[in-house]
2 protein chains.
Amino acid sequence: MDHQQKNVSKAVVARLPRYYRYLRRLAAEDVNRISSKDLASRMGLTASQIRQDLSCFGGFGQQGYGYSVETLVIELERILGIASSRRAILLGAGNLGRALLRNFNFSYCGVRPIAAFDVAPDVVGNAYRGIPVHSMDDLETFMSREMADIAVLCIPGAIVPQTAERLVKTGIKGIWNFTNAELREEEIGVPIENVHFSDSLMALCYRIQDE
Amino acid sequence: MDHQQKNVSKAVVARLPRYYRYLRRLAAEDVNRISSKDLASRMGLTASQIRQDLSCFGGFGQQGYGYSVETLVIELERILGIASSRRAILLGAGNLGRALLRNFNFSYCGVRPIAAFDVAPDVVGNAYRGIPVHSMDDLETFMSREMADIAVLCIPGAIVPQTAERLVKTGIKGIWNFTNAELREEEIGVPIENVHFSDSLMALCYRIQDE
């Protein structure tokens, strides 16, 4: 990673996937160049915020010419590490876990699920979209052999803290947390992204009031 | 809704549920007051952004005294419309739909799921956490009788556009879209929140590079 990228704030990083999503869509619509103003109005941001965010990574925009959509897509893929293909394991192959394995486009994010883990005897031994479900008892053995980067948590909230500790001991590098237990990085010691379904539902409720 | 709230940008609205989440947690930790600086450092924002965001709604902060956590929680509940109890229907009672019905805390957001809809004969007639699954054929009849505010979409991406149109005709006020089909408000005509799992996974991948 470049020195330049070291001090990028968490808020900027959180916006990069949105930039990537909008720019991929523009590329699909055969748009070659876009001004910060146009991009801003599509994304509900200000042009100056976009210029500021992208300048954290060295710019890419030319005054008066806007941004090259293709260059930005490629740069964002490099910055986000999409090309490096992370390996993921999924813990908890219940309804949500299976829905992710079956429907979520991991490869869009440069992530490859390699195994799932569960405790239920009727689930262990199955496979979803070719991903085998192992017993939770085999987590450490599996990790010492296969070494995944990311753990996706779809387990009951009550067992989340101890499971997170167990994962960190196996050498996991990051946790993608779908449970209602909020994990704090300062306690766990690796990067964590908590998925908050409620944030978007609340934003929707707010906007319905307007109607 | 107050006149004051009319021109709040989408970006600010998108941050309000995060404020609410952090403030609820502070309240649970018995914190009574918090400065914009402390709140900013917890949330990974700047103090001036927090002051600016909250000033859209009239402020609530006293110079030098910080914000009252309880007052902010109550104000955010009012602003977000959490007290008004929205009625929701869920379309598609597959793995993801069932996981939401079983595990997601709708009431935290002031939303009450009243029914689900599906096409599969072995799913229609079931109930999950007391929520009955009706046939998709009965959507219009149900809506004319019960009138839900929000539709939660967990259906296959291919049928999303026509289903969204169908929902709008029944009078739905907003759509919470979990499918991989991106819905555009300008085409559909009601507020839409697309849930983008990929955004947080990409942010996680980015942050793992740092380690």
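The rules behind these values
Residues numbered from 1 in each chain as written. Chains lettered and ligands numbered in written order. Predicted model: local features only at pLDDT ≥ 70, side-chain atom pairs only at ≥ 80, totals over all residues. Heavy atoms only, no water. Salt bridge = Lys/Arg side-chain N within 4 Å of Asp/Glu carboxyl O. Helix = DSSP H or I, 4+ residues; strand = E, 2+ residues; numbered from the N terminus. Buried < 20%, exposed > 50% of the residue type's maximum accessible area, 1.4 Å probe, protein only. Least-squares fit on C-alpha atoms with pLDDT ≥ 70 in both. Contact = heavy atoms within 4.5 Å. Pairing = 2+ DSSP bridges. Axes fitted to C-alpha atoms, helices over the stretch in contact; angles between N-to-C directions. Disulfide = S-S within 2.5 Å. Right-handed = clockwise from strand over helix to strand, strands pointing away. Expected span 1.5 Å × (residues − 1). Polar contact = N/O pair within 3.5 Å; in protein donor to acceptor, adjacent residues only side chain to side chain. Buried area = accessible area lost by both parts, 1.4 Å probe. Phe/Tyr/Trp six-rings, centres within 6.5 Å; stacked < 30°, edge-to-face > 60°.

## Some thoughts on the pattern of salt bridges
Residues and elements named next belong to chain A.
In step 1: Counted according to the given criterion, the structure contains 30 salt bridges over all chains.
In step 2: The partner of Asp53 in a salt bridge is Arg15, with the nearest N and O atoms 2.6 Å apart. Within this pair, whereas Asp53 is found in helix α3 (residues 47-55), its partner Arg15 is found in helix α1 (residues 10-28), the two being separated by 38 residues in sequence. Considered together, Asp53 and Arg15 belong to a single accessibility category, that of buried residues.

## Some points on the relation of the copies chain B and chain A
In step 1: Structural alignment of chain B on chain A gives an RMSD of 0.0 Å, achieved by rotating through 180° and translating 0.0 Å along the axis. The symmetry that links the two subunits is that of a two-fold axis. Closest to the rotation axis within chain B is the C-alpha of Asn95(B), separated from it by 2.2 Å.
In step 2: A share of 100% of the interface residues of chain B reappears at the interface of chain A, consistent with the copies meeting face to face through the same patch.

## Quick notes on the sheet that holds strand β7 (residues 150-153) of chain A
In step 1: Across the sheet, 7 strands lie side by side as β5-β6-β4-β3-β7-β8-β9 (chain A); this open sheet has mixed pairing. Only two strands of the sheet have a single partner each, and these edge strands are β5 (127-128) and β9 (192-194) of chain A.
In step 2: Direction of pairing for β5(A) relative to strand β6 (residues 131-135) of chain A: antiparallel, over a ladder of 2 bridges. If you follow Ala127(A) over to β6(A), its bridge partner there is Pro132(A).
In step 3: Against the sheet, helix α9 (residues 197-209) of chain B contacts β3 (86-91), β4 (111-118), β7, β8 (174-177) and β9 of chain A, and its axis sits at roughly 165° relative to β8(A).

## Things to note about the state of the cysteines
Here is the idea: a disulfide is a covalent bond, and it sits between the sulfur atoms of two cysteines.
In step 1: For the structure on display, the rule yields 0 disulfides over all chains.
In step 2: Of all cysteine sulfurs in the structure, the one in Cys154(A) sits closest to Cys154(B), which takes part in no disulfide; the separation is 14 Å.

## A look at the pairing of strand β3 (residues 86-91) of chain B
All names here are of chain B.
In step 1: Across the 6 residues of β3, 5 count as buried, placing the element largely inside the fold.
In step 2: Pairing analysis gives 6 bridges linking β3 to strand β4 (residues 111-118), with the strands arranged parallel. If you follow Arg86 over to β4, its bridge partner there is Val111.
In step 3: Handedness of the β3-helix α5 (residues 95-103)-β4 crossover: right-handed.
In step 4: Bridge count between β3 and strand β7 (residues 150-153): 4 bridges; the pairing is parallel. Note that in β7 the partner of Ile89 across the bridge is Ala151.

## Things to note about α1(A)
In step 1: Counted at 1.5 Å a residue, the expected span for α1(A) with its 19 residues is 27 Å, and the 28 Å between its end C-alpha atoms agrees.
In step 2: After α1(A) finishes, the residue Asp30(A) shows a positive phi value of roughly 60°.

## Describing the side chain of Arg25(A)
In step 1: One can find Arg25(A) in helix α1.
In step 2: A polar contact is formed between the side chain of Arg25(A) and the side chain of Glu182(B), at a distance of 2.5 Å.
In step 3: For Arg25(A), the residues in contact, after removing those within four places along its chain, are Glu182(B) and Arg184(B).

## Quick look at the interface of chain B and chain A
In step 1: Each side of the interface is counted separately: chain B has 64 residues, and chain A has 64 residues.
In step 2: Counting each side, the surface lost to burial between chain B and chain A is near 5,900 Å², with a carbon and sulfur contribution of 63%.
In step 3: For chain B, the biggest contributors to the area lost against chain A are Met202(B), Tyr206(B) and Arg207(B); these three give 13% of the whole.
In step 4: Linking chain B with chain A are 12 salt bridges.
In step 5: In this structure, the salt-bridge partner of Arg21(A) is Asp199(B), at a minimum N-O distance of 2.6 Å.
In step 6: Here chain B is connected to chain A by 16 residue pairs in polar contact (both at pLDDT 80 or more).

## Overview of the packing of aromatic side chains
In step 1: Applying the stated criterion to the full structure yields 19 aromatic pairs over all chains.
In step 2: An angle of 90° between the planes, with centres 4.8 Å apart, marks the rings of Phe104(A) and Phe106(A) as edge-to-face. Both residues of the pair, Phe104(A) and Phe106(A), count as buried.
In step 3: Ring centres 6.1 Å apart and planes at 55° place the aromatic pair Phe104(A) and Phe197(B) in the tilted group. Of this pair, Phe104(A) sits in the loop between α5 (95-103) and β4 while Phe197(B) sits in helix α9, which puts the two residues in different chains.
In step 4: The structure contains a cluster of three or more aromatic residues connected by ring pairs, namely Phe104(A), Phe106(A), Trp176(A), Phe178(A), Phe197(A), Phe104(B), Phe106(B), Trp176(B), Phe178(B) and Phe197(B).

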